[in-house]
Structure formats: structure tokens, C-alpha cells
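Tertiary structure, described
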Amino acid sequence: MTGGWLGGRSPCAADAKMAPVRGAALAGCWVVLSRCRGMTVVARRFGAAAYSSAPAGSSKEGQQEEAIARRRGRTQQFVRSHISPRTEKMAVDQDWTSVYPTAAVFKPDSVPLPVRMGYPVKRGVPPPKEGNLELLKIPNFLHLTPPAIKKHCAALKDFCTEWPSALDSDEKCEQHFPIEIETTDYVSSGTSIRNPKARVVTLRVKLSNLNLDDHAKKKLVKLVGERYCKDTDILTITTDRCPLRRQNYDYSMHLLTVLYHESWKTETWESEKAEEDMEEYIWENSRSEKNALDTLLRIKASENVTKEELLASDVVKNYRNSVIALKNEGETENNMSQYKESVKKLLNIQALP
């Protein structure tokens, strides 16, 4: 329903007869749209074109009046009523898992807390939660409250198995599961919820829990270098070369497998190692053992003792332990004192009065 001249024709003398509109002429199918400044805008009830009573000369003013009339007749004026936020309707015993059932952005109308975040302007307080974009940027844990975690655990309980009753101590767990894997998850505000440091995997295992003989253990310690702690007997392997945590875990397990099998190999040059090339001092078949046995056999030649009996005696065992400690640990005050006493007992030397 539009106003204007019929058929888009310009006003002329023939159309001037239809310009004045009276009340009698509006009967039947005509309706009045507006009256302003002596002008009347009418139109047919079923979408007919409107006729205006405006003078022919004021075309621009008439177009403005017609536009106002069209807006008044067509456009509905909507007034949106104010809706109170959800926080004002929440009960004290509100089920929070129904408000935040899954991970979602921060909703100021659903969180009944006076949360503020942002830069305080003019030494004031940070902006409130309403319309705060800073609260929308960061991830939240409103869906991981203690009641929600309890519900998740109760739902997953049917799919879990009971903890083995035999593993009732840390020692038994370490015995059956000697490999320990350590990873770290980070929570930070940034452009991504993924932290590059979370890919790092640390593997720990005690060498005493591995099936290694003396040669394999010494070779493995030589291969790993500083990654092995002699005091705790723990081998630590840290992997961070791959971009994903799963890849670093597989790589650490691969390294442990390769080290284990490589330590059991015996190369041809290893049989040519002399006493000076050994990683630690070995008493068996050493020059100290031979010299001690030869000296004791000469001293006790009249007693007809054998080498096996001498090696099993307490005097020789004490001398053996003192020599090993002195060679491997160094010349400390305690080691020197023990070596002195063991030599005096070995040679049966009494202290002078």
C-alpha cells in the first residue's frame, strides 16, 4: 500500500478533480491513512494505490509526507521489555551441573558470582562480568566442580575394575610395575589451551628391577652416562623431540628397549680389556688378591691351608672390602683407616706398647 499519484503520472488538470477528498467519498472500500496540514492520504482496503489531496506544486514536501505516512502505517513499533538475568531466579540449592553440564564459555547471566576481570581504569576496580570480553577469552572450569566430578566418576564406575588386592603397598607396585612415567599438564591464559611443555615425557626405572648381569649393567651405565644416578639406582630418560606426548612416550620406550638389548651384547674388543680399562676395581683375579694369597701361604706354610680356606676367612674378606672401597671411592679418611686395620690383621701385626 503506497501513497502517491495514480500510475506514477504527474499532476495535471484532469487529475485535479480527484484531489479534494471528502467524508462522503471515503465510504465503501476507501480508508484514510493520515491527515496533515490540510492533506488527506487515502487508499483502497485491498492494496489499491493511494490518492493525495496535496497541491501539485509541492512535490518534494509531498514525498516526505508520504514517506512519513508509509512508515506510520506499515512499521510496527516494538518495545522490548527488560528480562531479569537467570542469576536472580536461581535457588540456593541449584543443581550446578545442569547450568554448566559441559565445557562452555563464560555466561555472566548464569554465574551468580561477582566476578571481575580486566585492567582497572583510573585506579578503580576491574570491569564487572556483564559484557566483559576478557572472561570470554580464557577457558574456565565451571563444568568441573566437585559435584560434577563425582557424577562423572559414578557414571564411569560401571566401566572400571577394582584395584588388585595384591598391590597393597608401594613396594609391590614397584615390583610388578617397575617403569614410572611422568607427564605434566599446564593451565594458562593464552592464545591456545595447549602448552608446548606438556609434550615432555620422563621415564624412570631402577636398574635393579631389570634383568641385567654385571657386564650388562656396567655397559648400560656407560651408555646412558649422567642419566643414571648411582645413589638411587634410577635411570631417567626424558624425551621432548616429538611434537606430541604420545610420540615422546613411544620414543622413550624405544630408547629403553634399545639400551637393554644393546647392553647384553658382548663385542670382540670387550674381551681384550685390561685391569686399567675397567670401570671399577674388581678383586677377583687381581694382583692384590694374588699378592695377599701368596703372602698368607708363605706365612702359614706349616699349617697346610688351601687358597679356598684363606679366601673364606674373615681376615681376607675384610682386606678385600677395604681394598675395593679404597680403589673405587678414593682415599678418604675412613677408607684409609679401614685399610690400615685390615693390613695389620692380615699380617698379624700387633701394636707397639
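Residues numbered from 1 in each chain as written. Predicted model: local features only at pLDDT ≥ 70, side-chain atom pairs only at ≥ 80, totals over all residues. Heavy atoms only, no water.

1. As for the packing of helix H10 (residues 314-329) against helix H11 (residues 333-346)
Direction vectors running N to C along H10 and H11 enclose 150°, while the axes themselves pass 9 Å from each other. On the basis of their axis angle, the class for H10 and H11 is roughly antiparallel. Pair H10 / H11 crosses with left-handed handedness. Within the contact between the two elements, H10 uses Val315, Val316, Asn318, Tyr319, Ser322, Val323, Ala325, Leu326 and Glu329 and H11 uses Asn335, Met336, Gln338, Tyr339, Ser342, Val343, Lys345 and Leu346. Among the residues forming the contact of H10 with H11, the class breakdown is 10 nonpolar, five polar and two charged. (Axes fitted to C-alpha atoms, helices over the stretch in contact; angles between N-to-C directions. Helix = DSSP H or I, 4+ residues; strand = E, 2+ residues; numbered from the N terminus. Parallel < 35°, antiparallel > 145°, perpendicular 65-115°, else oblique. Left-handed = near helix turned anticlockwise from the far one by under 90°. Contact = heavy atoms within 4.5 Å. Nonpolar A, V, L, I, M, F, W, Y, C, P; charged D, E, K, R; others polar.)

2. Brief notes about the pattern of salt bridges
Counted by the stated rule, this structure contains 11 salt bridges. Here Lys206 makes a salt bridge to Glu174, at a shortest N to O gap of 3.4 Å. A residue pair is termed long-range when its members are at least 10 positions apart, and Lys206 in strand S5 (residues 201-206) and Glu174 in helix H5 (residues 170-176) qualify at 32 residues. You can call Glu174 partly exposed: its relative accessible area is 32%. Taking the shortest distance from any N to any O, the salt bridge between Glu262 and Lys265 comes out at 3.5 Å. (Salt bridge = Lys/Arg side-chain N within 4 Å of Asp/Glu carboxyl O. Buried < 20%, exposed > 50% of the residue type's maximum accessible area, 1.4 Å probe, protein only.)

3. Let's talk about helix H8 (residues 287-299)
Counted at 1.5 Å a residue, the expected span for H8 with its 13 residues is 18 Å, and the 18 Å between its end C-alpha atoms agrees. Regarding H8, the residues found buried are Ser288, Glu289, Ala292, Leu293 and Leu296. Projection of H8 onto a plane perpendicular to its axis shows the buried side chains occupying an angular sector of 125°, all on one side. Every exposed residue of H8 that faces more than 90 degrees away from the buried side is listed here: Arg287 and Arg298. The inward-facing, buried residues of H8 abut helix H9 (307-312), H10 and H11. (Expected span 1.5 Å × (residues − 1). Arc of directions from axis to C-beta.)

4. What to know about the nonpolar core
If you look at the biggest cluster of nonpolar residues, it comprises 13 residues, and the most contacted ones within it are Val205, Leu207, Leu220, Val224, Leu235, Ile237 and Leu256. Broken down by secondary-structure element, the contributors of at least two residues to this core are S5, helix H6 (214-224), strand S7 (234-239) and helix H7 (245-263). In terms of residue count, the dominant contributor to this core is H6 (three residues). Once residues within four sequence positions are removed from consideration, Val224 is found in contact with Leu235 and Leu259. Judged by nonpolar contacts, the second largest core, of 11 residues, contains Tyr281, Ala292, Leu310 and Val316. (Core = buried A, V, L, I, M, F, W, Y, C linked by side-chain atoms within 4.5 Å.)

5. Here's the deal with the sheet that holds S7
Pairing is antiparallel across the open sheet formed by four strands, whose spatial order is S4-S5-S7-S6. The open sheet has two edge strands, strand S4 (180-182) and strand S6 (228-229), and neither has a second partner. In the sheet, S6 pairs with S7 via two bridges, with the strands oriented antiparallel. Counterpart to Tyr228 in the pairing with S7 is Leu235. (Pairing = 2+ DSSP bridges.)

6. Considerations on unusual backbone geometry
Within the chain, Lys122 stands out as a residue other than glycine whose phi angle is a positive 55°. Within the secondary structure, Lys122 is located in the loop between helix H2 (96-99) and helix H3 (133-137). In this structure, Arg123 takes a positive phi of about 60° despite not being glycine. Of note, Arg123 is situated in the loop between H2 and H3. For Arg123, a relative accessible area of 87% puts it in the exposed group.

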